[in-house]
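Structural overview
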Amino acid sequence: MLLAISLALIIEKFILIAVIVSVSLVVAMYATWGERKVAAILQDRRGPNRAGPFGILQPLADGLKLFFKEEIIPNFSSKFLFVLGPALAMLTATMTSAVIPWGDKVELFGREISLQIADVNIGILYVFGVVSLGVYGIMIGSWASNNKFSLMGGLRAASQIISYELAMGISLIALLMITGTLNLKEIVVQQQQGGWGGLLGWNIIKQPLGFLIFLICAFAECNRTPFDLAEAENELIGGYHTEYSSMKLGFFLFSEYINMFISSVIMSTLYFGGYDMPFVDESAFSPNIAALIGVAAVMIKAVLFLLFFMWVRWTIPRFRYDQLMRLGWKILIPLALANMLATGAAILYFNK
Amino acid sequence: MSITTLAFILLSVMAVTCAIMMITSKSPVNSILWLILVFFAISGHYVLLNAQFLAIVNIIVYAGAIMVLFLFVVMLMNLNADTEPVKNYRLQLIGVISGGSLLLVLLSAIMKVKEQHPVQMNIGDAGLVKSLGMTLFKDYVLPFEISSVLFLSAMIGAVIIGKKEN
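Remember, predicted model here, so these are calculated numbers, not experimental data. (Residues numbered from 1 in each chain as written. Chains lettered and ligands numbered in written order. Predicted model: local features only at pLDDT ≥ 70, side-chain atom pairs only at ≥ 80, totals over all residues. Heavy atoms only, no water.)

**Notes on the overall build of chain A**
Along its length, chain A carries 12 helices and two strands. Along the chain direction, N to C, the helices and strands of chain A fall in the order α-α-α-β-β-α-α-α-α-α-α-α-α-α. Computed over C-alpha atoms, the radius of gyration of chain A comes to 21 Å, within 12% of the 20 Å expected from 2.2 N^0.38 for 352 residues, which places it in the range of a compact globule. Across its three principal axes, chain A shows a C-alpha extent of roughly 60 × 50 × 50 Å. Within chain A, buried positions represent 53% of all 352 residues. Across chain A, contacts joining residues at least 24 apart in sequence account for 79% of those joining residues at least 6 apart. Here chain A has roughly 16,400 Å² of accessible surface; of this, 71% comes from carbon and sulfur atoms. (Helix = DSSP H or I, 4+ residues; strand = E, 2+ residues; numbered from the N terminus. Rg over C-alpha atoms; globule rule 2.2 N^0.38 Å. Buried < 20%, exposed > 50% of the residue type's maximum accessible area, 1.4 Å probe, protein only. Contact = heavy atoms within 4.5 Å. Areas by Shrake-Rupley, 256 points an atom, 1.4 Å probe, with all protein chains shown as cover.)

Next up, the structure:
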């Protein structure tokens, strides 16, 4: 039965959802701190260092500041949609975490609990669906602001996200042809088998070009530099969130960091073995310890990706808009198609 | 009443209400947002039928891509409730007649079905990726490929129309 649900399962899933969502919120919170520190190091400054040791209380201070600021809703905006915009942005940012396998099973109170909220057989497609819905928060918010610069920012963001979704999808198809499954958990399990401590089993070895395309598209989907044209302040004042203030602005900015974290986790799941710690044989430990190692592996990989995101942001200047579109349509999509054809040919050649 | 029935009723009410709201709301942007909710309700129905693939593809293609383009156009043209022109009487009459005929055609098609397959809740696997792929690429491979060529030619046609000025 699909919907035969026991009470224990509901409680278990609710706790898991609460833990995973709050962990991603905390990671995103400290990503803002990390970003400022990385920027400071790259620019030979000190960065935030007043609130707490090394400034680690800075995100809390920032959050408080945003909460206490005056909330302004423009007079001629449609008020419901104006509030719906940032809410949708946050919702779609956190929804993706449902299908990510954060680790293997743990045993608690005599129950075997899988560290994945929903083990659906369409895992990757779910991620893709939620990513394609991510546009709505920005579009609705920008339109409801009743401001031309907001609208331009929103339209830029939407066309950018749609354009790069295509290349992202095609690069994923090549990966799916190798793995033969859409299930994220199975993809991770497949990657655990491989020579040299499991490293050679990772999909990055088989799909280096596909990973590169996916990485570039992930940057574009998160509206990160060099693709942050949606909020280019010297052209568009502030982009789609020009009219937003207080915590509604905070939600827009925060959802970017959650998106970054989630896409880092997805990249490590798809191409870098997910919760597979290289050179460690998980089956030698008790299940709980092995699960802990797995969660640690995912988090380490995700944090490395986050650092990469920040490193790129403070190193590479922004694209011009026509360059962005040319890169997406004329370079990445043909490259992804070629990658797909080459993967298909290789599969046919080696399976004979 | 089982959870499945309850979910079915909730989703149906949601789908019908959102569809009515989509038709009756004056502002085009609101109409589109209601239509997106209709797609979500329909995807929910697919999930109830254990057709997860159809559900998610419905969301990716319709809610995630086509509706974004609709929204895009409406926002760029800045269509609001107040800019909507008053439609004349004849146009309304034509609309009613053509809409009514479409409804008749659909109704007769549904009535004509002699053999009624009861809906298979939960157990059917027709909508899962594997069985769908097997059907599409084995039994219906020719129509599938022909329709993909059709889509490609439509895409190229759109590009050519867009380039006409140069």
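**Concerning the side chain of Ser264 of chain A**
All names here are of chain A. Mapped onto the elements, Ser264 comes out in helix H10 (residues 246-271). Residue classification places Ser264 among the buried positions, given a relative accessible area of 0%. Those residues within four positions of Ser264 in sequence are excluded, and the remaining contacts are Ala302, Phe305, Leu306 and Phe309.

**Overview of unusual backbone geometry**
Residues and elements named next belong to chain A. We note that Phe54 has phi near 55°; this positive angle belongs to a residue other than glycine. Positionally, Phe54 belongs in the loop between helix H1 (7-42) and helix H2 (58-68). Phi at Ser246 is positive, roughly 55°, even though this residue is not glycine. Tracing the chain through its elements places Ser246 in helix H10.

**Looking at the interface of chain A and chain B**
Taken residue by residue, the interface counts 24 residues in chain A and 30 residues in chain B. Carbon and sulfur atoms make up 79% of the surface buried where chain A meets chain B, a total of about 2,300 Å² over both sides. Between the two partners, chain A and chain B, sit zero salt bridges. Across the contact surface, chain A and chain B share one residue pair in polar contact (both at pLDDT 80 or more). For the side of chain A that touches chain B, the secondary structure elements donating two or more residues are helix H4 (123-144) and helix H5 (148-179) of chain A. When residues of the side of chain A that touches chain B are assigned to their parent elements, the largest contribution, 11 residues, is made by H4 of chain A. Of the residues that constitute the side of chain A that touches chain B, the class distribution is 20 nonpolar, four polar and no charged. (Buried area = accessible area lost by both parts, 1.4 Å probe. Salt bridge = Lys/Arg side-chain N within 4 Å of Asp/Glu carboxyl O. Polar contact = N/O pair within 3.5 Å; in protein donor to acceptor, adjacent residues only side chain to side chain. Nonpolar A, V, L, I, M, F, W, Y, C, P; charged D, E, K, R; others polar.)

**Topic: the confidence of the model for chain A**
Residues at a pLDDT of 70 or more form 96% of chain A, whose mean pLDDT is 83. Across chain A, element-level confidence peaks in helix H8 (residues 208-221) of chain A with a mean pLDDT of 89 and bottoms out in helix H9 (residues 233-236) of chain A with 67. (pLDDT = per-residue confidence, 0-100.)

**Digging into the state of the cysteines**
Residue and element names in this part refer to chain A. Summed over the entire model, instances satisfying the criterion amount to zero disulfides over all chains. The thiol sulfur of Cys217 is not disulfide-bonded, and the nearest other cysteine sulfur, from Cys222, lies at 11 Å. With a relative accessible area of 0%, Cys217 lands in the buried category. (Disulfide = S-S within 2.5 Å.)

**What to know about the pairing of strand E1 (residues 105-108) of chain A**
The side chains of a regular strand alternate between both faces of the sheet. Residues and elements named next belong to chain A. As defined by bridge partners, E1 adjoins strand E2 (residues 111-114) across four bridges and the pair is classed as antiparallel. By the bridge assignment, Leu108 is partnered in E2 with Arg111. Between the end of E1 and the start of E2, which pair antiparallel, lie two residues, with Phe109 showing a positive phi angle near 50°. (Pairing = 2+ DSSP bridges.)

**Comments concerning the packing of H1 of chain A against H2 of chain A**
Residue and element names in this part refer to chain A. In the contact formed by H1 and H2, the axes pass within 8 Å of each other and the chain directions differ by 110°. Here H1 lies roughly perpendicular to H2, going by the angle between them. When the axes of H1 and H2 are compared, the crossing they make is right-handed. The residues of H2 that touch H1, namely those facing Met29, Tyr30, Thr32, Trp33 and Arg36, are Gln58, Pro59, Leu60 and Asp62. (Axes fitted to C-alpha atoms, helices over the stretch in contact; angles between N-to-C directions. Parallel < 35°, antiparallel > 145°, perpendicular 65-115°, else oblique. Left-handed = near helix turned anticlockwise from the far one by under 90°.)

**Looking at the pattern of salt bridges**
Residue and element names in this part refer to chain A. Inspection of the entire model under this criterion finds four salt bridges over all chains. Its salt-bridge partner being Arg313, residue Glu35 comes within 3.1 Å of it at the nearest N-O pair. Of this pair, Glu35 sits in helix H1 while Arg313 is found in helix H11 (residues 287-313), placing the two residues 278 residues apart along the sequence. Given the relative accessible area of 25%, Arg313 is considered partly exposed. Between Glu71 and Lys248 there is a salt bridge whose closest N-O contact spans 2.6 Å. Residue Glu71 is located in the loop between H2 and helix H3 (79-95), and its partner Lys248 is located in helix H10; the two are separated by 177 residues in the primary sequence. Since its relative accessible area comes to 7%, Lys248 is described here as buried.

**A look at the packing of H8 of chain A against H10 of chain A**
All names here are of chain A. Across the interface, H8 lies against H10 with an axial gap of 11 Å and an inter-helix angle of 170°. When the axis of H8 is compared with that of H10, the two are roughly antiparallel. For the pair formed by H8 and H10, the contact residues are Gly210, Phe211, Phe214, Leu215 and Ala218 on the first element and Ser263, Ile266, Met267, Leu270 and Tyr271 on the second. Looking at the contact of H8 with H10, its residues break down into eight nonpolar, two polar and no charged.

**Concerning the packing of aromatic side chains**
All names here are of chain A. Taken as a whole, this structure holds 16 aromatic pairs over all chains when the rule is applied. Between the aromatic rings of Phe211 and Phe272, the centroid separation amounts to 5.1 Å while the plane-to-plane angle is 75°, which identifies the pairing as edge-to-face. Here Phe211, found in helix H8, pairs with Phe272, found in the loop between H10 and H11; they are 61 residues apart in sequence, far enough to count as distant. Judged by its relative accessible area of 10%, Phe211 is buried. Chaining the aromatic ring pairs together yields one cluster made of Trp202, Phe211, Phe214, Tyr271, Phe272 and Phe305. (Phe/Tyr/Trp six-rings, centres within 6.5 Å; stacked < 30°, edge-to-face > 60°.)

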